[in-house]
Structures are given as C-alpha cells and as structure tokens.
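Residues per chain are reported as follows:
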Amino acid sequence: MNKHISKKYNLNSKAHGYRFTVGRFLEVAVALVFLVFIGRFLYLGISKTVNGQDLTAKTEQLYMRNQVLKANRGNIYDRNGLAVAQDSHLYTIYAILDKSSINYKNKPEYVVNKSKTAEKLAQVLPLKANKILKYLNPSQPVFQVQFGTAGSNLTKKQKDRIEKMNLPGIKFFETQSRLYPNGNFAAHIIGLATPVYDKKTRQQNLEGTMGLEAWYDEVLTGKNGYQVSAVDASNFQTPNSTHTYKAPVDGNNIYLTIDSQLQECLESRLSYVQDTFNPVSMTAVVEDMKTGKVLAASQRPSFNPQTKKGIKNSYRNILVQDTYEPGSVFKVLTLSSAVNSGNYHPNQYYNSGSVSVNGSVIHDWKPHGWGSIPFSQAFPRSSNTGFVHIEQQMGAKTWKKYLKKFHIGQKTGVTLPGEQPGLIAFNSPVDQAVTSFGQGVDVNVMQMMQAFSSLANNGQMVKPQFVEKITDADDHTITGYQIKNVGRPVYSKETANIVLENMRQVLNKRIGTGAAYRMKNQSIAVKTGTAQIANLKGGGYLKGNNNYIFSVVGVTPAKHPRYCIYITVKQPQRMSKPAEVILSSIFKPVMNRTILMSKNGLSSSTMIKIPDLTGLSYKEAEAIAQRVGFRLVRIGSGDKITKQSYQAGQKQQSGKLMLVRTAGIIKCPAMKGWSKDELQQFADLTGAKLSIQGTGVVSKQSVAFGETVKSGTKIKIQLKE
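Just so it is clear, the model here is predicted, and its values are computed rather than measured.

**Q** So what's going on with the nonpolar core? Which residues, and what values?
**A** Taken as a class, soluble globular proteins show a tendency for nonpolar side chains to be buried jointly. With 114 residues, the main nonpolar core has Met446, Met503 and Phe587 as its most contacted residues. Looking at which element gives the most residues to this core, the answer is helix α17 (residues 579-598), with nine residues. What Met446 contacts, discounting residues up to four positions off in sequence, is Val285, Val294, Leu319, Val320, Thr412, Val414, Pro464 and Phe466. Core analysis: the second largest hydrophobic core is formed by 22 residues, Tyr91, Ala129, Ala150 and Ile170 among them.

In structure tokens form, the structure reads like this:
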C-alpha cells in the first residue's frame, strides 16, 4: 500500500515538474515576444522609417486631402448677350442603405427612417413618396441606390434644399454638363462640349467636340485650382491646420455675331420646309456683307444639342465640311469677272438654246432657248449657253485668274472644324465652259458667302466670321471684332453696279427667273440657281425633276447692299410645289425680318436679366415679372415657387413667357399660341412627354386644358404657321 502510494506520488511529482517546465518556457517566450514588440515600437518611434519609407510622411499623406477645384467653362452668348451655351452644375442624388455605414461620431450614414426620407424628398424630386419608398426598399440587399432620371440633373438649389433637410444617408455627386437652353439653334455653329474622362488627373472635364465649342476649346476651358488640407479619419478638416490653396480660373466667354431673333426665324422656316417637302439637306446663311458678320446660319438635317436628338444623322457641318456644285448662282462670279476684264458686251446677240464645245452640246435649262437674244438677258434668264460664250470671250487664262482671285478651291479659314476647300475641274475646254455656270467646280457654303461679300465692298471680299468678341470671366474684352479683308479687290465699284443691276433684272417677270422672290416695297436683288447632282455610281448627272440643288442668293438694299441671304435646298423628296415656291417660303420671311431688324440696328428687343423667383409666392413672383418685363405661367397648384424654367442671371428677351413650378397637382395649361421654346420649358418642369408635329405655334393639344398631367404623360402637339 505504501509502495503504491509512493509510486503514485512519484508519477504526480514528475507530471507537476513537466508542467512547471513548460509553463516557465511559455512565460519566457511571451516575455521575449513582448520585448521584441517593445523594441520594434521604440525603433519605429526613433527611426520613423520602415523598408526605406518615411512613416511620418506616409501618415501625413494619409490624412491630407487633395481636392481639385473645378473651373467653369466659359459661356457662349449671342450678339445681344443671350446665353446659348453655358456651364451647368448638375447633381445626382443617391441613398446609402448599408447599416454598417457609421461615421467617426458613431452616427448613422445610412437611411434611418425610410418613410420620413421619402416624404421629404418628394417635396423636391418630381416623384411621389411611395415611388421613392420603392427605391429605398430594393428586392436585393445593396449598398446604395439612385432614383432614376428623376434623381439626376438636379440644380444646386435643389441639392441645397435637400441638404438642409439633414436626412441621414442622402448623398450627391456632381455631374459635368453643358446647357444649351435654346435647343435646335445654330447647332452646328455652336457645336457641342461633352464630358471626357482624363486618366491622368482622374477627373471628368468638358471638351469641345463640334463647332465653335471645339474650335475655341482652349479659349473656353478654364484652369482648375486645388486645395490641400489636413483631415481626420472621417475626412473632416482638422482645426488650426495649415492648407495650400490655388483658386480656379474660369474659361473665357465668347459672344457670337448671331442674332437670336433672326436665328429663330431662320430655324422655324427651315423646319417648315423640312417637314413639308423633306429635302435631303438644306443650308441657309444671313450675313452682314460689309463686316463679314454672320447673323444667322443653320442646316438640315440638324440636331438638338441639349437632348442630342437627331445627332446620329447630322454630325457633319454641311456649311464647311460638304462641297457641292453651286449651279447658276455662280454666274455672279462669272459676270463680275467678264465685266471687270472688259469681256462683257451686253448689246451683242447670241443664239440661245444650245452650244457645242469640242463636240459636246451644252443646253439651256429651257432646251429650245429664247432664240437670238442680247447678252444683257443671259444673266436674268440664267442662260447657260450665254455664259459659255462669255467664258470663251474671256478666255480660259483670264477666267482661271479670276477664279483664283475669288479664292475658289481654297479654305476660307472660318472658325469651324473640318472645312473642305473644294476643287476646280479645268483640264479641257468643256470643263472650262461648264464652270461658267457653276458645274465642274466644287465649293462650300462659306466660300460662296465670302465671294458674295464683294458685292457690298466694291469688289473687296470680306471673310465670314461668327465671333463678335472674346471676354474673360469678368466680362472684360480680350479680343474685339476686326473686319478681315480677303486678298485684294477682285473687281471695281463700276463692275459691282453692273452686276447688281443684272441681279435686279432677275426679279423681272418678263425675262427673270426670280419673280417668285419679289417683295412689295422692298429693295432687293437676287440670283437663282439649279445645279445638277453628280451620279457617283454611274457617272454623269442624276435625272429627275427633284434631283437638283436649288438655290437663291439675295441682297438688300439692291443698289447699296448690306445684307445677304443664301439658301440651298437639295433634292426635295416631296416636291409638291415648284422649287422657287419652296425656297421663297424661307427667303421672304427671313429677308423681311432682316430688313425690319436692320432698321433698328439688328437689336429690336430689350434683353433682361432673369431674377431668382424660387422660394417666393406666385403673387410676389408675378409682380417682379411684370416689373422687369416678362410673362409668368404657374405649373402646379401650390403657392411657393420651387423651380423656374430660366436660370437666374440668364439673359432673355423682354416679353417672353417663363414657366415656374410649384408643389401640388399639375393641371394642363392652355398651350394655344405657345412656341417650341415654351413647350420645352413645360416638358422640362413637368417631365411630360411631348410629341410635336408641324412648325410655328401650338394650334392643338391632345390633353385638354385643366386635365391632370404627371411625369411621363404623353401629349400630342400640333403646330401651325
């Protein structure tokens, strides 16, 4: 028994000794690890360097915030200061739903009360609370959600209103955008600026991609600033910390030579012809020939730079990127060259109808002609055979010299990207002959405008220009307008007078081709043109009554011209009326408006600065509107104004209609007489989907006055001249 106890005791004693040894070993190991840790800590504290990297610098870098301060892109204005392209600071709202989002103060950074949040957001967003609540309760767990198109493109004022509500989890990010408030308005002239991601700076910047936006991209682009400041772990700036700051420099502004009233008139008439006769393409330009200032210019097909509607089919700027055979309007150049070189004999006779050149027969547009007629009738009758004889009398060498003086086949250098110089086919007597009436020579529209400008300047051509001036962000002029003469005078004052007299004869009902352009009590002179279109597949020219480029150039006043209008219409697909009727439906209203406005210095309206009406009652806003000179229409049943269709500070013509949005139910207004601009305001404020047909002003609407309108409501609109 004692032996057994003694044996058991010895075993326990050995086990106890083993445990003691292991325990001591572990204590020593822990102590060593602790000492190593303390040593490492002391080392880091003293050296502040690990693997060759300065930990202090790394820590400071971790808690320094580098913030880019975005510069605004310069605005583009018309000649009267009306904004036609401007920076738009827009925001997209989103909601964080992940409940693990807690800030350093242990406060939630996620949506806590979804019902309350939905009710609050519905006061600003064009969404009902129950719709917002659906967004806040997605079927699958997500970190954050957005609110569709209704939560995009919010203004700063909308953002500020929501931020004042102090709703946890509601955040914003800024989206770069460009505002084109006039829609389809000189779209290919003004062009486009679109957001482009810069991989180096990891920033999104607006970059000009079309028109003047592209040509003057460096002028319009500002220089970003920056701010470097110390922040805490939650990205809040720490008190009493130093920071580095460089202010952004906004881009320069551009003022165009374009007059908005004249441009709107031109756009309206082009849209009418497009909708009624469906031509393949059209161009139209109105210019002050004395100065080269382009007062209005457009084309079809075109697009809306705000919505991008139509851009896929109209990316080319036809005014400079397309070349074409101009036809008989080119006879203005031929006649002036013949007169100035002493090779025009108005009292001599020739046989009209046809003429043979090197075995090729050239016909007049009237195949049998008018018999034997004097050269004085060749221009008003637009006789091709007469001009072949005139070219032969000049001789190829003289004619080519004048073509060079007119800079045919050379770029104008007008400030639009992608200009094509055109060309002249001048290798044979037949080539030389047909150039006399505008075939066998390719030009662009601005080349023709440059050549026509010589009529107002005693033979001196003036370069067409679109920019009146460039100013800095504070509106101080950097570059003013300068008339740019092109080469030396092509012909004399006496020659110009003879050409203008011939252009007046074009309106003569008996011998002229342009009687359709006569305007009672108005002093104008014109030249018409009908150019064949080359058959690119089979050679020769296309056949058919509509396969032409129809054109007209007109100047006013007739004796001492100042303003020029040049219109081309290519291949009307629904040619239900003669070409001169189609063109005159553009020419006459635009010429009449030009003459009317020229009497008032091309500035017949007063420009007003739009006040900020948000937050005011409708009665208060209406009183302000009446005082400054514009009409107000309320959209919504509430009293307080939450949004206005024109931005505060923007310049608009006096007397215009402006829509304002209030809370509550939207009732459809009586739209009769509204313009496209006013319809666009309504669509922007309500989210209604408008389907517009025709041109002019509203004559019919599918949703009756007083009916409820919601976001997405479809309304058919019929316009009428």
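Resuming the write-up.
**Q** I'd like a description of the side chain of His188, backed by residues and values.
**A** Tracing the backbone through its elements, the reader meets His188 in helix α6 (residues 187-190). Take His188: its relative accessible area is 4%, and that puts it in the buried class. Setting aside residues up to four positions removed in sequence, His188 forms contacts with Met210, Gly211, Gln299, Pro301, Ser302, Phe303, Ser314, Tyr315, Arg316, Asn317 and Leu416.

**Q** I'd love a proper account of the packing of aromatic side chains, names of residues and values included.
**A** Per the stated rule, a full pass over the model turns up 13 aromatic pairs. A ring pair is formed by Tyr350 and Phe375, whose centres lie 4.7 Å apart and whose planes are at 25°; its orientation type is stacked. In this pair, Tyr350 sits in strand β15 (residues 349-351) while Phe375 sits in the loop between β18 (372-374) and α12 (384-394), placing the two residues 25 residues apart along the sequence. The two residues Tyr350 and Phe375 agree in class, both being buried. Between Trp674 and Phe682 the ring centres are 6.3 Å apart and the planes differ by 65°, which places this aromatic pair in the edge-to-face class. Across the pair, Phe682 and Trp674 agree in class, each one buried. Residue placement shows Lys159 over the ring face of Phe172; its charged tip is 5.8 Å from the ring centre. Its guanidinium or amino end placed over the ring of Tyr618, Arg634 lies 4.3 Å from that ring's centre, counting from NZ or CZ.

**Q** Please give an account of the pairing of strand β37 (residues 714-720) that cites residues and values.
**A** Side chains Ile715, Ile717 and Leu719 of β37 all project onto a buried face; the interleaved residues Lys714, Lys716, Gln718 and Lys720 project onto a face where none is buried. With five bridges joining them, strand β34 (residues 689-693) and β37 adopt parallel strand pairing. Residue pairing for β37: Gln693 is matched across the bridge by Gln718.

Cut-offs used in this document
- Residues numbered from 1 in each chain as written.
- Predicted model: local features only at pLDDT ≥ 70, side-chain atom pairs only at ≥ 80, totals over all residues.
- Heavy atoms only, no water.
- Core = buried A, V, L, I, M, F, W, Y, C linked by side-chain atoms within 4.5 Å.
- Buried < 20%, exposed > 50% of the residue type's maximum accessible area, 1.4 Å probe, protein only.
- Helix = DSSP H or I, 4+ residues; strand = E, 2+ residues; numbered from the N terminus.
- Contact = heavy atoms within 4.5 Å.
- Phe/Tyr/Trp six-rings, centres within 6.5 Å; stacked < 30°, edge-to-face > 60°.
- Lys NZ or Arg CZ within 6 Å of the ring centre and 35° of its normal.
- Pairing = 2+ DSSP bridges.

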